[in-house]
Amino acid sequence: MNNPFKDVTLLIFTVVILFGFGNKYKLADIIDSDYITTDDGPAINWTEDRKLTQSDFKATQKGYKAHTAAITSSSFGYDISIQNGEVNGHIYVRFYCNSSWWNPKSLESDRSEEILQHEQLHFDICELYGRKMFKEILTLKKLNKLNQKNLNRMYSKLEKEYQKYQNRYDKETDHSLNSKSQKRWNARVQDDIVRSQTYADYYTF
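Bear in mind that the values here come from a model prediction, so they are computed numbers and not experimental data.

A.B. asks: Sorry, what's going on with the overall build of the protein chain here?
C.D. replies: Tallying secondary structure elements over the protein chain gives three helices and six strands in all. Beginning at the N terminus, the succession of helices and strands in the protein chain can be written as β-β-β-β-β-β-α-α-α. Expressed as a percentage of its 205 residues, the buried residues of the protein chain come to 49%. Counting only contacts in the protein chain whose residues sit at least 6 apart along the sequence, the fraction spanning at least 24 positions is 76%. Surface summary for the protein chain: the accessible area is close to 11,000 Å², and the carbon and sulfur share equals 49%.

Written out as structure tokens, the structure reads:
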């Protein structure tokens, strides 16, 4: 018998690099203690204590494969301003609720918690790349090489690496169906979160 949730998750992961002043991704507009508001609707900034719940997946239509159990939309990126040749900005790592979908049928599945944990790790991986970005920005700044050209080059490298890493995660865990591999990935990513704590304070640079 085919497992109706074999195709457990389809991830939408995007890296958004925004140049200029005051765009829709700026850190402002708090809806409540859980959500911020963006032009794309409510979003969640990654924090260590705030874990995803099923109710955070607010999209009403999936538009993807019939047996998809969940769709995560998350991104890491940065906002910059350039004044008199000096580059300043902030990094964000966000989960976008209105484009993240939870299959109502999966609520009845005894695997719903495993599915949610799998989605959480996608978001955690996104956080790791936000920290990688901050590390590279600090290096560029120290070398007095923080400019738009080098930022573009850095973005291109991280974006390719990020996509490959997310695809590898889904492949090796079989979208959470391979429980042994999922546990290994859980441990790996959480260890990386701890080891990269030096670069967690990326809100301004």
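From this point, the narrative continues.
A.B. asks: So what exactly am I meant to see when it comes to the packing of aromatic side chains here?
C.D. replies: In this description, an aromatic ring pair is defined by two values, namely the gap between the centres and the angle between the planes. According to the stated counting rule, one finds eleven aromatic pairs in the structure shown. Ring geometry for F57 and W102: centres 5.2 Å apart, planes at 65 degrees, overall edge-to-face. One end of the pair, F57, is in the loop between strand 3 (41-45) and strand 4 (70-83); the other, W102, is in strand 6 (residues 101-102), with 45 residues separating them in the sequence. Just as F57 is buried, W102 falls in that class too. Relative to Y203, the ring of Y202 has its centre 5.1 Å away and its plane inclined at 50 degrees; by these criteria the two rings are tilted. Under the relative-accessibility criterion, Y202 is labelled buried at 2%.

A.B. asks: Teacher, can you tell me more about the nonpolar core here?
C.D. replies: Nonpolar side chains tend toward joint burial in soluble globular proteins. Y78, I137 and F205 are the most contacted members of the largest nonpolar core, which totals 40 residues. Every element with two or more residues in this core is listed here: strand 4, strand 5 (86-96), helix 1 (112-142), helix 2 (148-173) and helix 3 (179-195). Among the elements that line this core, the one with the most residues is helix 1, at twelve residues. With near-sequence residues (within four places) excluded, I137 lies in contact with Y78, I91, L146, L151, M154 and F205.

A.B. asks: Sorry, what's going on with the confidence of the model for the protein chain here?
C.D. replies: Mean pLDDT for the protein chain: 83, with 80% of residues reaching 70 or above. For the protein chain, per-element mean pLDDT is lowest for strand 1 (residues 9-19), which scores 39, and highest for helix 3, which scores 98. In the predicted structure, residues 1-28 sits below a pLDDT of 50 and forms 103 contacts with residues beyond four places in sequence or in another chain.

A.B. asks: Could you clarify how one ought to interpret unusual backbone geometry in this entry?
C.D. replies: The phi angle of most residues is negative, glycine excepted, and most peptide bonds adopt the trans form. A positive phi is found at N144, a non-glycine position, where the angle reads about 60 degrees. Checked against the element boundaries, N144 lands in the loop between helix 1 and helix 2. Residue N144 is classed as exposed on the basis of its relative accessible area of 71%. The backbone phi angle of S176 is positive, close to 90 degrees, even though this residue is not glycine. One can find S176 in the loop between helix 2 and helix 3.

A.B. asks: Just checking my understanding: could you explain the packing of helix 1 against helix 3 for this structure?
C.D. replies: The geometry of a pair of packed helices is captured by two quantities: the angle between their axes and the separation between those axes. In the contact formed by helix 1 and helix 3, the axes pass within 10 Å of each other and the chain directions differ by 30 degrees. As judged from the angle between their axes, helix 1 and helix 3 are roughly parallel. Handedness of the helix 1/helix 3 crossing: left-handed. Residues H118, L121, D124, I125, E127, L128 and R131 of helix 1 touch helix 3, and the partners they reach there are Q182, W185, N186, V189, Q190, D192 and I193.

Conventions and cut-offs
- Residues numbered from 1 in each chain as written.
- Predicted model: local features only at pLDDT ≥ 70, side-chain atom pairs only at ≥ 80, totals over all residues.
- Heavy atoms only, no water.
- Helix = DSSP H or I, 4+ residues; strand = E, 2+ residues; numbered from the N terminus.
- Buried < 20%, exposed > 50% of the residue type's maximum accessible area, 1.4 Å probe, protein only.
- Contact = heavy atoms within 4.5 Å.
- Areas by Shrake-Rupley, 256 points an atom, 1.4 Å probe, with all protein chains shown as cover.
- Phe/Tyr/Trp six-rings, centres within 6.5 Å; stacked < 30°, edge-to-face > 60°.
- Core = buried A, V, L, I, M, F, W, Y, C linked by side-chain atoms within 4.5 Å.
- pLDDT = per-residue confidence, 0-100.
- Axes fitted to C-alpha atoms, helices over the stretch in contact; angles between N-to-C directions.
- Parallel < 35°, antiparallel > 145°, perpendicular 65-115°, else oblique.
- Left-handed = near helix turned anticlockwise from the far one by under 90°.

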